[in-house]
Amino acid sequence: MDAGDMDGDLAQVLITEEEIASRLDAMAAQIEADYADKDVLLVGVLKGAVYVMADLSRRLHRSVPMDWMAVSSYGSGTKSSGVVRILKDLDADLTGRHVLIVEDIIDSGLTLSWLAGNLSSRGAASVRIATLLRKPEALKVEVDVSYVGFDIPNEFVVGYGLDYAERYRNLSFIGTLRPEVYHH
């Protein structure tokens, strides 16, 4: 799916497919350096992080185990509710493991702050965070993020895993929707 398939719903492309690929290359290189002598477990946050997790993991020059969690703080709206529910928990035991949470976006930081604390409390040796996107203006709590793809304005974005009402996840870029699409 690309911009031409959006039937006029797209307001603008914020980050191109090529820019995403280049930034993921750089993030993977830094992760490789930081975890050179450690095994790392990638923990993806469903559903949005699927694309980031897949593309980031393929750029690593090592075999990396992966696990997935599904947490919800949105419902079907465009703003985080701040109340976190675990919809699917991890299968892996985290005791003594180096965990890298892979996220698509950090906006309020509430969900990720809760998640990092939750995973740390399970006996992980370390918990770090990698995210493709961060909205500094929207942060409500301080979140220590080790790897950030792009800082973006406090706008509602879709594409590359991010959705509006389960639509637009499969765009190859990050974009914004025309307001009338989600203000109806």
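Here the structure is shown first, and the text comes after it.
Values in this document were obtained by computation on a predicted structure and should not be read as measured data. (Residues numbered from 1 in each chain as written. Predicted model: local features only at pLDDT ≥ 70, side-chain atom pairs only at ≥ 80, totals over all residues. Heavy atoms only, no water.)

## Description of the overall build of the protein
A count of helices and strands for the protein gives 4 helices and 9 strands. Ordered by position in the sequence, the α and β elements of the protein form the string β-α-β-α-β-β-β-α-β-β-β-β-α. By the compact-globule yardstick of 16 Å for 184 residues, the protein fits well, its C-alpha radius of gyration being 16 Å. In terms of overall dimensions, the protein has C-alpha extents of about 50 × 35 × 25 Å along its principal axes. (Helix = DSSP H or I, 4+ residues; strand = E, 2+ residues; numbered from the N terminus. Rg over C-alpha atoms; globule rule 2.2 N^0.38 Å.)

## A look at the nonpolar core
In this structure, Ile-20, Leu-24, Leu-42, Leu-100, Leu-132, Leu-133 and Ile-174 are the most contacted members of the largest nonpolar core, which totals 27 residues. Looking at this core, the elements that each hand over two or more residues are helix H1 (17-34), strand S2 (40-46), helix H2 (50-59), strand S5 (98-106), strand S6 (126-134) and strand S7 (147-151). (Core = buried A, V, L, I, M, F, W, Y, C linked by side-chain atoms within 4.5 Å. Buried < 20%, exposed > 50% of the residue type's maximum accessible area, 1.4 Å probe, protein only.)

## Some details on the packing of aromatic side chains
Under the criterion given, the structure shown has 2 aromatic pairs. Between Tyr-51 and Tyr-160 the ring centres are 5.9 Å apart and the planes differ by 45°, which places this aromatic pair in the tilted class. Of this pair, Tyr-51 sits in helix H2 while Tyr-160 is found in the loop between strand S8 (157-158) and strand S9 (174-177), placing the two residues 109 residues apart along the sequence. You can call Tyr-51 partly exposed: its relative accessible area is 31%. By relative accessible area, which is 6% here, Tyr-160 ends up buried. Ring geometry for Phe-156 versus Tyr-164: centroids 5.9 Å apart, planes at 85°, classification edge-to-face. We note that Phe-156, like Tyr-164, is buried. (Phe/Tyr/Trp six-rings, centres within 6.5 Å; stacked < 30°, edge-to-face > 60°.)

## Describing the sheet that holds strand S4 (residues 85-88)
A sheet is described by the order of its strands in space; here 6 strands give the open sequence S4-S3-S2-S5-S6-S7, paired in mixed fashion. Two strands bound the open sheet, and with one partner strand each, they are S4 and S7. Neighbour-to-neighbour, the strand axes of the sheet open up by a mean angle of 30°, direction not taken into account. Along the sheet face, helix H3 (residues 110-120) touches S2, strand S3 (66-72), S4, S5 and S6 and points at about 170° away from the line of S5. (Pairing = 2+ DSSP bridges. Axes fitted to C-alpha atoms, helices over the stretch in contact; angles between N-to-C directions. Contact = heavy atoms within 4.5 Å.)

## Comments concerning unusual backbone geometry
Cis geometry is adopted by the peptide bond preceding Lys-47, which originates at Leu-46 and carries an omega value of -5°. Within the secondary structure, Lys-47 sits in the loop between S2 and H2. The backbone phi angle of Glu-166 is positive, close to 70°, even though this residue is not glycine. With respect to the helices and strands, the residue Glu-166 is situated in the loop between S8 and S9.

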